[in-house]
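Residues per chain, in single letters:
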Amino acid sequence: MHQFLQQIFSGLAAGSIYASLALALVMIYRATDLVNFAQGEMAMFSTYIAWTLVNAGLPFWLAFLITLAASFVGGMIIERVVIRPVENAPVLAAVVVTIGLLLIFNSVAGWIYSYTVQDFPSPFPDRPVFGALMTTRDLGVIGVTLLMLVLLFAFFRYTPIGLAMRAAAQNPASARLCGIRVGRMLAIGWGLAAMIGATAGVMVAPVLFLDPNMMGGVLIYAFAGALLGGITSPIGAVVGGLIVGVTENLVGTYLIASQLKLTVAFALIILVLVFRPNGLFGTAIVRRV
Amino acid sequence: MEKRIAAPEILAEAPAAASASGWRWVGIVAIIVIAAALPFALSKYHVFELTMVMIYAIAVLGLNILTGYNGQISLGHGGFFAVGAYTAAILMHRYGVPYWATLPPAALIGFALGVLFGLPALRFEGPYLALVTLAMALATPQLLKYFDTWTGGQQGINLVKPMPPAGLGIDRDRWLYFVALVVLLLAIRIAANILHGRTGRAFVAIRDHPIAAAAMGIDTAKYKTLAFGTSTLFTAVAGALAAIVIGYVSPEGYSLFLSISFLVGSAVGGIATIGGAIVGGFFIQFVPNLANDISDAAPWAIYGLAMLFFMYTMPRGVVGTLGPWLMRFFATRKTAAPFAARRSEGA
Amino acid sequence: MPKRLMVVLVFAGIFATAGGGVCRSGEYSAGASDSEIKIGNTMPYSGPASGYSAIGKSLSAYFAMINDQGGINGRKINFISRDDGYSPPKTVEAVRKLVEEDQVLMVFQSLGTPPNLAIRGYLNDNKVPQLFVGSGADQWNDPKRYPWTMGWQPSYGTEARIFARYVLDNLPDAKIAALYQNDDFGKDYVNGMRAGLGDKAGKMIVATQSYETTDPTVDSQVSALQASGADVLLTAAIPKFTTLAIRKVYDLGWRPTQFVNSVSTSVGSVMKPAGVEKSAGVMSATYTKDPSDPRWHDTPEYQDWLAWMKKYNSSVNVADALAVYGYATAQTLVAVLKASGDNLTRDHVMEVAASLHDLRLPMLLPGITISTGADDYAPIKQMQLQKFDGNSWKVFGDVIKGSGR
């Protein structure tokens, strides 16, 4: 029983890591109808910026705030400069562009910072809670993820900009007619997603250790989690991420062939999707003739 | 999102009869002749490289059928490539099957697996389908490592490269080049037949207007599954050829990066074209090497920049963008030009 | 007839003298000449294994230093290193290019087990040395079947057998758990452990858990291993995952006797990030000096290495053990090439490589030397057990000669 609880809690801790990146994926999807495969690498790069600032002597929170600002601006610039040219091109072209971005960020980070694994300071102390089932650091990650979820949800539901952004994504032509600057909405969407990614990276680096390949595996699980929850739903992203984390842990522990953990975990996720093809909380895509 | 279809584009999708303009045939024959003569003018290493280009072209052609013509995205074709490769390797290594006889089983297994995959894939679209196919790409190396009595596990399987038939007077590399060339030409012929015929029209109809297609009596499920199976058949055959040419298979060679490379090659060449597959093959084979030559420290950055460059200048791919432009000079109205790859729904 | 014969003889004479070398007479295979020696190499400069590119950079840097010092017997080293992204098909392609287009003398220190397995057949068929392979698998010591392939480091299996012997001698009733990377590297350790324990393996090894390099953490695996009730833990993982494992083990309140593999012993990159109180007591075996271990910092060998790092290899972190690895392997090759003199044929270079006697290198642990023979293609067979005391590693016991294949 103890082992079971242990795995659940580990799973929640790992799942919150996936959930935080999944939120960024959902953000971009809602804003621009695109899955950004470079999200993980952008988050990693933001984390390196934070790391550089902390190493230069800045206090953690100041470094974090500067990183957030830089990520927001960076995200906007990327949308304007890199994504804009393929916005009206076939979707596949945009997908390839995000893949190209992934490679560029990964490679440049490796070039500038080398591949040596680095330590990253955590704002949360590292003490065990619940009788060593979890640490305060894990709780911190879960807490920040939930906070981001609430902020994101409120943003889309209750703020004018959030509404404008949803309109711009769903129906750019009509949105323009309403006076919404669609281009600006897209850029802001990417900026916000970059900020979410930066937060995810900074929270996660103390746990995973910072290196250019830190987010590679996380992106895959975050992608699965975001889709499991419904690619259009922030709540879905968090729930999906947590489920993926817990499932992965339980499968690894109780499956005889633990080397097939990844395979089985994905098979289970797909099984769920077969019954809910738009994810647990996603909205069905309605086709009109 | 709504899609706007212009009338001329519908007409352009009209069936291609067998006739193409005379110029087109001259062009095709010229290319084949050059391709057959090349190995004698190039060093063994370059012949080997071109053989790999053709193999990747066959794999990308498979992906084009599925994603380009039928609109179902796949991030998992590296896995099907591996299935073909290991089919060939196990048959050759364990059962002593001659290399050329491994291609049909690889094709069959690739087809069967694709159909099996295509069935649940019917439920999914866009990013969800991407996830399902991603699972294939990720599961394949794990499964290969796990069933190590069959696959040799981590150590992989070493294969003896086939000898050319005695009396032909050419060496191994050139012989394998011709084998690959023949398979590629066959693949193109078969693909063209399928895609320019009724099945191909069904594929495209399903891609662009699934509801209208169903309303017209096209069995969507059957054709989508068929598209999947056909696509993976091609890619599996390519994988088998690759195993024969390289002489070694191991799980490390079939990573997620391979699946992504196929997708990128497909997009750069022209997703809904046949000729684009060849361009894609060149891209996959040569651009990473060039990137490495340009920058030792950040080769992937150069590769990524190349992708961006191609997508900005030719968002429909090289053949997708240049093709229609060239067609104006060489084609008649009867030639099918499903070059206009439109933005398919979802992904 | 005689006139024509004379002309032929004169021309033959001219060509013979010209071909005989300008400054010195040497025998050469492709890749070697009076002025240069071309060395080929493949390394993962891209992709998930790109962390190992530090080795490639270090090799380049060492040869740059040698060239600045005049080269080897007056010849400069032309080191051609190509990216293979750790993908065997790419390795085959890169090696074919090195051999057929770049015309290298040999392929040196290519990294990874699958990449090297992919090219072994080709290189042996073409009689090109596959020298000092960058992998710890057991397969590189097989001179009868693959006379052109030679490893360098003590194999993972050898190391695991050393651990097994320690456990049998000191903890005979232990219950052993193993966390391993799900590839040849990790599995070699587990298999070596089993082999070393002999018929007790079934009873003593109570649990194994694997991880993939794409797994973000190993918390789940470590928890599952704790639940097995084991009191000895073998972690066969690359540095990042070793750090994660050590930390999780401690956080769970589990205190087994821990063995980590030699690849992941860096004080600066593994032990300190895990937390010095958490990693105290961990044991390992090693054969090189850890550059982040303070006990070497006052020695002249370390100072030399550090000076070289700063001048030639500044893009690599001074705490990176891979830089020591690259340094040492490059030194081995330089020794072989120097000893080959002016006979730089592939055959002769291979012979020299297979007749090293007690070669000492500055960054190998004291007492560990390199020796090879016609039927012994394992240059380094010795390791030493060590224990981490929270600040640095302390060796204990004698230098152990591992019984590899």
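Conventions adopted
Residues numbered from 1 in each chain as written. Chains lettered and ligands numbered in written order. Predicted model: local features only at pLDDT ≥ 70, side-chain atom pairs only at ≥ 80, totals over all residues. Heavy atoms only, no water. Core = buried A, V, L, I, M, F, W, Y, C linked by side-chain atoms within 4.5 Å. Buried < 20%, exposed > 50% of the residue type's maximum accessible area, 1.4 Å probe, protein only. Helix = DSSP H or I, 4+ residues; strand = E, 2+ residues; numbered from the N terminus. Contact = heavy atoms within 4.5 Å. Salt bridge = Lys/Arg side-chain N within 4 Å of Asp/Glu carboxyl O. Polar contact = N/O pair within 3.5 Å; in protein donor to acceptor, adjacent residues only side chain to side chain. Nonpolar A, V, L, I, M, F, W, Y, C, P; charged D, E, K, R; others polar. Expected span 1.5 Å × (residues − 1). Phe/Tyr/Trp six-rings, centres within 6.5 Å; stacked < 30°, edge-to-face > 60°. Lys NZ or Arg CZ within 6 Å of the ring centre and 35° of its normal. Pairing = 2+ DSSP bridges. pLDDT = per-residue confidence, 0-100. Buried area = accessible area lost by both parts, 1.4 Å probe. Axes fitted to C-alpha atoms, helices over the stretch in contact; angles between N-to-C directions. Left-handed = near helix turned anticlockwise from the far one by under 90°.

**A closer look at the nonpolar core**
Okay, step 1: Formed by 217 residues in total, the largest nonpolar core has its most connected members in A:Phe223, A:Phe266, B:Phe81, B:Leu131, B:Tyr254 and B:Phe262.
Okay, step 2: Examining the composition of this core, we find that 18 residues originate from one element, helix 3 (residues 44–69) of chain B, more than from any other.
Okay, step 3: Once you skip the residues sitting within four places of it in the chain, A:Phe266 turns out to touch A:Ile220, A:Ala224, B:Leu131, B:Leu134, B:Ala135 and B:Leu138.
Okay, step 4: Grouped together as the second largest cluster of nonpolar side chains are 105 residues, C:Ile39, C:Tyr62, C:Val167 and C:Tyr327 included.

**Notes on the interface of chain B and chain A**
Okay, step 1: Counting residues at the interface gives 47 residues for chain B and 51 residues for chain A.
Okay, step 2: Taken together, the links from chain B to chain A amount to zero salt bridges.
Okay, step 3: Our enumeration of links across chain B and chain A arrives at 10 residue pairs in polar contact (both at pLDDT 80 or more).
Okay, step 4: Residue assignment for the side of chain B that touches chain A shows that the elements contributing at least two residues are helix 6 (126–146), helix 10 (210–215), helix 12 (256–269) and helix 14 (299–313) of chain B.
Okay, step 5: Element by element, the count of residues in the side of chain B that touches chain A is highest for helix 6 of chain B, at 12 residues.
Okay, step 6: Residues belonging to the side of chain B that touches chain A are distributed by class as follows: 38 nonpolar, four polar and five charged.

**Looking at helix 4 (residues 91–113) of chain A**
Residue and element names in this part refer to chain A.
Okay, step 1: Taking 1.5 Å per residue, 23 residues should reach 33 Å; helix 4 reaches 33 Å between its end C-alpha atoms and fits that length.
Okay, step 2: Burial runs high along helix 4: 20 of the 23 residues are buried.
Okay, step 3: One or two positions beyond helix 4, positive phi appears at Ser-114, with a value near 60°.

**Some words on the packing of aromatic side chains**
Okay, step 1: Going through the model one piece at a time under the given rule, you end up with 48 aromatic pairs over all chains.
Okay, step 2: Among the aromatic residues, those joined into a ring-pair cluster are B:Phe257, B:Phe283, B:Trp300, B:Tyr303, B:Phe309 and B:Phe310.
Okay, step 3: Against the face of B:Trp150 rests B:Arg94, its NZ or CZ located 4.6 Å from the ring centre.
Okay, step 4: The ring of C:Trp296 carries C:Lys289 above its face, with NZ or CZ at 4.9 Å from the centroid.

**Concerning the pairing of strand 8 (residues 232–236) of chain C**
Residue and element names in this part refer to chain C.
Okay, step 1: Of all the five residues making up strand 8, five are buried; the element is thus mostly covered by neighbouring parts of the structure.
Okay, step 2: Side chains of strand 8 alternate between two faces, with Val-232, Leu-234 and Ala-236 and Leu-233 and Thr-235 buried alike.
Okay, step 3: Relative to strand 9 (residues 257–260), strand 8 is paired through four bridges, and the arrangement is parallel. When the bridges of strand 9 are listed, Val-232 appears paired with Thr-257.

**As for the confidence of the model for chain C**
Residue and element names in this part refer to chain C.
Okay, step 1: On average, chain C scores 89 in pLDDT, and the residues at 70 or more come to 93%.
Okay, step 2: Every residue in residues 17–23 scores below 50 in pLDDT, and together they form four contacts with partners more than four places removed in sequence or on other chains.
Okay, step 3: Two numbers describe this predicted complex: its pTM, 0.89, and its ipTM, 0.88.

**Points about the confidence of the model for chain B**
Residues and elements named next belong to chain B.
Okay, step 1: Taken over all residues, the pLDDT of chain B has a mean of 86, while the share at 70 or more is 89%.
Okay, step 2: Put simply, helix 1 (residues 7–12) is where chain B has its lowest mean pLDDT, 46, and helix 4 (residues 77–95) is where it has its highest, 95.
Okay, step 3: Contacts of residues 6–19 to residues separated by more than four positions or lying in other chains number 17 contacts, the stretch itself having pLDDT below 50.
Okay, step 4: Across residues 339–347, where pLDDT falls below 50, the model places 33 contacts with residues more than four positions away in sequence or in other chains.

**Some thoughts on the interface of chain A and chain C**
Okay, step 1: Listed per partner, the contact involves 32 residues of chain A and 36 residues of chain C.
Okay, step 2: The junction of chain A with chain C conceals about 2,600 Å² of combined surface from both sides, 48% of it contributed by carbon and sulfur atoms.
Okay, step 3: Taken as a group, A:Tyr115, A:Phe209 and A:Gln259 account for 21% of the area that chain A buries against chain C, more than any other trio of residues on that side.
Okay, step 4: One salt bridge in this structure joins A:Asp211 and C:Lys240, with 3.3 Å as the shortest N-O distance.
Okay, step 5: Our count for the contact surface shared by chain A and chain C stands at eight residue pairs in polar contact (both at pLDDT 80 or more).

**With respect to the sheet that holds strand 3 (residues 76–83) of chain C**
Hydrogen bonds along the backbone pair up the strands of a sheet, which may run parallel or antiparallel.
All names here are of chain C.
Okay, step 1: Judged by pairing direction, the sheet is parallel, and its four strands sit side by side in the order 3-2-4-5 without closing on themselves. Each edge of the open sheet carries a strand with a single partner, namely strand 3 and strand 5 (130–131).
Okay, step 2: Where strand 2 (residues 36–43) lies against strand 4 (residues 106–108), two bridges are found, and the strand directions are parallel. Bridging across to strand 4, Gly-40 finds its partner in Val-107.
Okay, step 3: Strand contacts of helix 3 (residues 88–101): strand 2, strand 3 and strand 4, with the helix running at about 170° to strand 2, the strand carrying the most contacts.
Okay, step 4: Where helix 13 (residues 321–340) meets the sheet, it contacts strand 2, strand 3, strand 4 and strand 5, and its direction lies at approximately 150° from that of strand 4.

**Things to note about the packing of helix 2 (residues 39–55) of chain A against helix 8 (residues 182–208) of chain A**
Residues and elements named next belong to chain A.
Okay, step 1: Two elements in contact, helix 2 and helix 8, have axes separated by 7 Å at closest approach and are oriented at 65°. In the packing of helix 2 onto helix 8, the handedness of the crossing is right-handed. Where helix 2 abuts helix 8, its residues Gln-39, Met-42, Ala-43, Ser-46, Thr-47 and Ala-50 lie against Trp-190, Ala-193, Ala-194, Gly-197, Ala-198, Gly-201, Val-202 and Ala-205.
Okay, step 2: For the contact of helix 2 with helix 8, the per-class residue count stands at nine nonpolar, five polar and no charged.

**A word on the pattern of salt bridges**
Okay, step 1: Counting across every chain of the model gives 21 salt bridges over all chains.
Okay, step 2: A:Lys261 is the partner of C:Asp215 in a salt bridge, and the nearest nitrogen-oxygen pair spans 3.6 Å. Here C:Asp215 is found in the loop between strand 7 (205–211) and helix 8 (219–226), whereas its partner A:Lys261 is found in helix 11 (residues 261–275) on a different chain.
Okay, step 3: For C:Arg75, the salt bridge goes to C:Asp342, with nearest N and O atoms at 2.8 Å. With a gap of 267 residues between them, C:Arg75 in the loop between helix 2 (53–68) and strand 3 and C:Asp342 in the loop between helix 13 and strand 11 (343–344) connect regions that are remote in the sequence.
Okay, step 4: Note on C:Arg75: relative accessible area 0%, which makes it buried.

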